[in-house]
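Examining the three-dimensional arrangement
Below, each chain spelled out in residue letters.
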Amino acid sequence: MGGPVSFRVKVFLSITASVVIAVWLVAWIVSTLVTRSFERQDTQRTQTLVTQFHREFERRGVEVARRIEAVANSDAVQQIAVNLNSPRFDTSRYFDQAQALAREQSLDFLEIVGPDGRIISSAEWPARFGYQESWLTPAVDWKGQGVFLKRIELADGSALGLITVRSVKAGDGALYVAGGQRLDQEFLTTLPIPDGMHVRLNTDFEGSTSPLIQEVRRQPRELARTSADATLTAIPLLGRDHQLLAILLVENSRAELASLRSYIQATAWAVGGGGVLLGLLLSLWTASRVTRPLRQLTASVRQVAGGQWDTRASIESNDEVGQLARDFNQMTEQLAEQRDRMIQAERVAAWRELARRLAHELKNPLFPLQITVENMQRARQTSPEQFDEVFRESTTTLLSELGNLKAIIGRFSDFAKMPAPELEPIDLNQIVREVVQLFDAQMHADGRPPIEANLLLNAHLPPVPADPEQIRRALSNLILNALDAMPQGGTLSISTDSLDRKVSLEVSDSGEGLTEEECERLFTPYYTTKQHGTGLGLAIVQSVVSDHKGTIAVHSQPGKGTTFRIELTT
Amino acid sequence: MRRTAWAWLALSSLLPASARAATRPHYGGTLAVELSTAFTTLESADFPAGLAQPIAETMLRLNSRGEVEPWLAVAWQADADRRRWRFTLRTKVAFHDGEPLTGPSAAPLLLVALKKTYPDVTITAGGQALVIRSDRAMPDLLSDLANARTAIIRRSESNPSIGTGPFRVTGWEPGRKLMLTAFDDYWGGRPFLDAVAINMASTRANGDVFDVPFSATRRILAERTRLWSSPVEELVALVGTGVQPAALKAIALAIDREPLVNALTQRRGEAAFGLLPEWLSGYAFLFRTAPDAGRARQAAALLRLGTLTLSYAVSDSFARAVAERISLNARDAGINLQPTPNANGNLRLVRWRVESANVAVELQRLAGLLGVSETPALDAANPTALYEAERALLETQRVIPLVYLPVIYGMSPRVHGSDAGFALRLESLWVDP
């Protein structure tokens, strides 16, 4: 996706990322610290409230104990206790006594229970007189039991009570006075509950689906759960037999925390946004200050790449960029010197190669010429009568060899004056077929191991703007080269294909292949690996391809044949 | 030692005198009556239960044994088919405005009262005689004429209630206060009290006379206040209007009436198994049954009852206590019976007063209250038929009698002269000066 990311963008991203990360980090740290502090405070407030609840619980307990004690010592109860063992004593006369005593002592619950466990009078459920209250009759030191929580059955349900029991001696038995005060939401209103805090007393949790309550029911212990809106702490309230009777729910609103977090977030967004803007401005400034010499250097590099070796970067500072520019200038100077030396060396090498080739090519026809002339001289001296004969034969030979010399010089001359290509849309596949057709006889010549031509031509090849004659000539040279590489026979593969706005032409042989060094020098003029080659065939191919703004490459490995690949622009 | 002896002697000499003062009635004084209830008319029927209306009188009245005895009418005769009755009015009886009570003055007042029961009744009068006729027999006419509904009373623009009773109205604020003054020309002699002040809807229980709830009787007695109690004259019962008869039967089996009587009425009520109290019908003991929670539980289990509701009057704390106790009894039998002050419960707790000393009339009235429309004509002189009729009413499984209640008034030690009877008669009371 996209091109390389510019330095300016990188600077912008770096600065922006730095600012955003720093802001985010600060916001996160502040938010975390605030949250921890809030939660600590939250826990403290909850604990304070729970402590106050227990304190109020104890205070009410003391009060309840005092009032029940007063009821137990009242004349009415003492009179019942005294008369209880009388055979004519009628407890039904006192069925409503508890109500009056409860009113008098401001008690929500009060029951007077006989030694047999039967209720003599009940304030909370007056109609229950005569019914059994069996939990009171077992031998228990009720005074030592203190005040405890108990679920009290009522006519219209049940209620939670802070209960204590006193026994009053009644003859051989005991009269029980059990009562207390209701522990309900009203009880909680006496607690100083801070703002944002809510306290509920959950006594009807049988059908509750709250996971917190379910967990406390499974294992009665103080638990807390935090949600986005609030922290809910559940404190189990147990009865005398450690059964769960109620759950005190303390809800601490986290609205304040949420508001604070929201504020921190908003600030972080604002600072982050400012950071991005700052990053943009800084990147522009940095780009103008830092990247300008780099851009100048880049332009200089491009000029050098374009062949302007005399390009020099301006040196505007003594920093790393200035040093880079100095190094660049030094490098280009050295490169220019090396290039000149290489050109000179290559020229010398080319001249030497040309001289060597010319010497080699010219030496072959010159030797017969020398022998023929020497034969003619020898015949003139030793056998004048045969001189004419020798002369005729020698001149024929001389003319033949001179023809060879002319042909050699002609080929060199042809290479030297390759004409500019005359471009026209050509069907490359058609040219391939025609050229291969020309070589068909040669590939299947008698006395020569057969060579199979394998054409893989893309039928949807687009027309290529090219000079058909030069392309034929280049292809002919490649095929000729391939045939020479397969003296033992083999397969000549030619394929064409369509690329992105290009076409490719590959010519492969199944010959011995070339070494890496041979591959590198293959297109050097006058270089040949063959005994009778001029070394101009592939140089001509490269010249044609180059004139068509195309590319040519060779891929070969010893023993695996050679492939030439030409790519032309459509 | 001598001084002590003289003191004892002085005290002992005072004792007979004070005892004599307590037992000898004397005139004068105002009696303060404090009532927790209120009434808004001066009709005899609207007067508080147990308190005889002292303004108007009836032709006849019931004695303490429930028998009819002469009152404004001193004699009567009936023909064989009881369609024609002749009454002779007491002489020297005057209305509070001075008009003498005669046949012609009483006839139109009596006619209005009797027309409600006997639409075709006619009354002819002359002198002190009154002849009451109807096309159909009037066997219960005597008990009707002893009923407060047939009290002879007139109204004028200045006086809302002009009767022949021992007290006349001198102040009347409906629902709040009634001031009565002794009627000097009362035919039975001037009452002892000069005046009676009746305060209604009062929360004070410290008047000379005041109504007492059952729950307060023990406390009242402890305060050395005397209690006056009427015979049981009010039936508390459960009426099942939207409940299947079998369910009502199961509930009836579950109910233990003994705690209701012993505790809730403080032994002043009577367990009710029939519709009429024993003193009225004479056969109520025949309906007596024992509670059987086991059978009730079995019956309820078969019925698979849901939650039933039991309505009671929201202002009636006694009814509420009864309802809650019955709810407990029902719960023991596995029946969920929820007391509610709403009026539309499956069962209703009702309080029905005895309005007539005539069993047949009462049974007919109760049948009407129970919605039993087809009841045969009953002969008050045939107890077997009355018993069968009452049993038939009970077997409709529409009602469960619970308890009969008396009316109880507390009287301060300064009040004297109360006697046993169906109602407390103000004219018989006198107070210490």
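Residues numbered from 1 in each chain as written. Chains lettered and ligands numbered in written order. Predicted model: local features only at pLDDT ≥ 70, side-chain atom pairs only at ≥ 80, totals over all residues. Heavy atoms only, no water.

On to the overall build of chain B, then. The helix and strand tally for chain B stands at eleven helices and 21 strands. Here chain B, with 433 residues, has 50% of them falling under the buried criterion. Expressed as a percentage of contacts within chain B between residues at least 6 apart in sequence, the contacts between residues at least 24 apart total 69%. When the accessible surface of chain B is summed, it comes to about 20100 Å², and 53% of that surface belongs to carbon and sulfur atoms. (Helix = DSSP H or I, 4+ residues; strand = E, 2+ residues; numbered from the N terminus. Buried < 20%, exposed > 50% of the residue type's maximum accessible area, 1.4 Å probe, protein only. Contact = heavy atoms within 4.5 Å. Areas by Shrake-Rupley, 256 points an atom, 1.4 Å probe, with all protein chains shown as cover.)

Tallying secondary structure elements over chain A gives 14 helices and 16 strands in all. By sequence separation, contacts in chain A at least 24 residues apart represent 63% of the contacts at least 6 residues apart. Split by element, the accessible area of chain A, about 32500 Å² in all, is 53% carbon and sulfur.

With that out of the way, let us pick up the sheet that holds strand β10 (residues 195-199) of chain B. Residues and elements named next belong to chain B. Strand order in the open sheet formed by seven strands is β8-β9-β10-β1-β11-β19-β12, with mixed pairing between adjacent strands. Of all the strands in the sheet, the pair left with one neighbour each is β8 (167-173) and β12 (226-229). Ignoring strand direction, the axes of neighbouring strands in this sheet form an average angle of 20°. With six bridges connecting them, β8 and strand β9 (residues 177-182) associate as antiparallel partners. (Pairing = 2+ DSSP bridges. Axes fitted to C-alpha atoms, helices over the stretch in contact; angles between N-to-C directions.)

Let us now look at the interface of chain A and chain B. Counting from both sides, the interface comprises 15 residues of chain A and, opposite them, 16 residues of chain B. Interface area for chain A against chain B, summed over the two sides, is near 1400 Å², with a carbon-plus-sulfur share of 51%. Taken together, the links from chain A to chain B amount to one salt bridge. Between Arg267 of chain B and Asp90 of chain A there is a salt bridge, with its nearest N and O atoms 2.3 Å apart. (Buried area = accessible area lost by both parts, 1.4 Å probe. Salt bridge = Lys/Arg side-chain N within 4 Å of Asp/Glu carboxyl O.)

For the rest of this paragraph, the subject is the packing of helix α10 (residues 359-370) of chain B against helix α11 (residues 383-395) of chain B. Residue and element names in this part refer to chain B. Two numbers describe how α10 lies on α11: the axes approach to 11 Å, and their chain directions differ by 15°. As the angle between them shows, α10 and α11 are arranged roughly parallel. The handedness of the crossing between α10 and α11 is left-handed. Facing α10, whose interface residues are Val359, Ala360, Leu363, Ala367 and Leu370, α11 presents Leu386, Ala389, Glu390 and Leu393. Class assignment of the residues belonging to the contact of α10 with α11 gives a composition of eight nonpolar, no polar and one charged. (Parallel < 35°, antiparallel > 145°, perpendicular 65-115°, else oblique. Left-handed = near helix turned anticlockwise from the far one by under 90°. Nonpolar A, V, L, I, M, F, W, Y, C, P; charged D, E, K, R; others polar.)

We now examine the pattern of salt bridges. A side chain of one charge can pair with a side chain of the opposite charge if their charged atoms are brought near each other. Residue and element names in this part refer to chain B. Using the criterion set out here, one finds 39 salt bridges over all chains in the structure. We note a salt bridge from Arg149 to Glu355, for which the minimum N-O separation is 2.8 Å. Of the two residues, Arg149 is situated in the loop between α3 (141-145) and β8 and Glu355 in the loop between β17 (347-353) and α10; the sequence distance between them amounts to 206 residues. Between Arg353 and Glu233 there is a salt bridge; the shortest N-O distance is 2.5 Å. Taken together, the positions of Arg353 in strand β17 and Glu233 in the loop between β12 and β13 (234-240) put the pair 120 residues apart, joining distant regions of the chain. Exposure remark for Glu233: the relative accessible area of 11% places this residue in the buried category. In this structure, a network of salt bridges that share partners links the residues Glu233, Glu234, Asp316, Arg351 and Arg353.

Under the criterion given, the structure shown has 21 aromatic pairs over all chains. Both rings, one in Tyr186 of chain B and one in Trp187 of chain B, keep their centres 5.2 Å apart while their planes meet at 50°; by these two values the pair is tilted. On the basis of relative accessibility, which here comes to 21%, the residue Trp187 of chain B falls in the partly exposed class. Judged by centre distance (5.9 Å) and plane angle (75°), the rings of Tyr283 of chain B and Phe287 of chain B are edge-to-face. Assigned by exposure class, Tyr283 of chain B and Phe287 of chain B land together as buried. Following the ring pairs from residue to residue traces out a cluster consisting of Phe53, Phe57 and Phe187 of chain A. The ring of Trp135 of chain A carries the charged tip of Lys150 of chain A above its face, separated from the ring centre by 4.5 Å. (Phe/Tyr/Trp six-rings, centres within 6.5 Å; stacked < 30°, edge-to-face > 60°. Lys NZ or Arg CZ within 6 Å of the ring centre and 35° of its normal.)

To continue, consider the sheet that holds strand β18 (residues 399-405) of chain B. All names here are of chain B. Sheet architecture is open: six strands sit in the order β14-β18-β13-β17-β15-β16, paired in mixed fashion. In this open sheet, the two edge strands, each paired with only one partner strand, are β14 (270-271) and β16 (337-340). With two bridges joining them, β14 and β18 adopt antiparallel strand pairing. Of the residues in β18, the one forming a bridge with Glu270 is Tyr404.

Before going further, it helps to spend a moment on the side chain of Glu133 of chain A. Residues and elements named next belong to chain A. For Glu133, the location among the structural elements is in the loop between β2 (119-122) and α4 (142-145). A polar contact is formed between the side chain of Glu133 and the side chain of Arg128, at a distance of 3.4 Å. The residues touching Glu133, leaving out its near neighbours within four places in the chain, are Glu111, Val113, Gly117, Ile119 and Arg128. (Polar contact = N/O pair within 3.5 Å; in protein donor to acceptor, adjacent residues only side chain to side chain.)

Attention now moves to a nonpolar patch on the surface. All names here are of chain A. Residues Trp24, Leu25, Trp28, Ile29 and Leu33 make up a contiguous nonpolar surface patch of about 540 Å² in total accessible area. Mapped onto the fold, Trp28 is located in helix α1 (residues 7-72). The partly exposed category is assigned to Trp28, whose relative accessible area is 48%. (Patch = residues over 30% accessible without salt bridge, like charges linked within 9 Å, V, L, I, M, F, W, Y side chains within 5 Å.)

The backbone phi angle of Ser106 of chain A is positive, close to 55°, even though this residue is not glycine. Residue position: Ser106 of chain A is located in the loop between α3 (97-104) and β1 (109-113). By relative accessible area, Ser106 of chain A is classed as partly exposed at 44%. A positive phi angle, close to 50°, is found at Arg304 of chain B, a residue other than glycine. Mapped onto the secondary structure, Arg304 of chain B falls in the loop between α8 (293-303) and β15 (308-311).

You can see Glu567 of chain A is positioned in strand β16 (residues 562-569). Not counting residues within four places of it along the chain, the set of residues in contact with Glu567 of chain A comprises Leu499, Lys502, Val503, Ser504, Gly550 and Thr551 of chain A.

Residue and element names in this part refer to chain B. In this model, α11 (13 residues) spans 18 Å end to end at C-alpha, consistent with the 18 Å of a helix rising 1.5 Å per residue. Taken together, the buried positions of α11 are occupied by Leu386, Tyr387, Ala389, Glu390, Leu393 and Leu394. The buried residues of α11 occupy an angular sector of 165° when the element is viewed end-on, so they sit on one face. Across from the buried face of α11, at angles greater than 90 degrees, the exposed residues are Thr384 and Glu395. On the buried face of α11, the contacting elements are α7 (278-281), α10 and β18. A positive backbone phi angle near 55° is found at Gln397, which sits one or two residues after α11. (Expected span 1.5 Å × (residues − 1). Arc of directions from axis to C-beta.)

A few words on the environment of Thr203 of chain B. Residue and element names in this part refer to chain B. Along the chain, Thr203 turns up in the loop between β10 and β11 (209-211). A relative accessible area of 81% places Thr203 in the exposed class. Once the C-alpha coordinates of Thr203 and Glu34 are considered, the two residues, 169 residues apart in sequence, prove to be 8.0 Å apart.

Another point: the packing of helix α5 (residues 245-254) of chain B against α8 of chain B. All names here are of chain B. Axis separation between α5 and α8 bottoms out at 7 Å; the angle between their running directions is 155°. In terms of orientation, α5 lies roughly antiparallel with respect to α8. When you trace α5 past α8, the crossing you get is left-handed. Each of Ala246, Ala247, Ala250, Leu253 and Ala254 in α5 lies in contact with α8, whose residues at this interface are Ala293, Arg295, Ala296, Ala299, Ala300 and Leu303. Taken together, the residues that form the contact of α5 with α8 break down as ten nonpolar, no polar and one charged.

Function-wise, these values are silent; they only describe arrangement.
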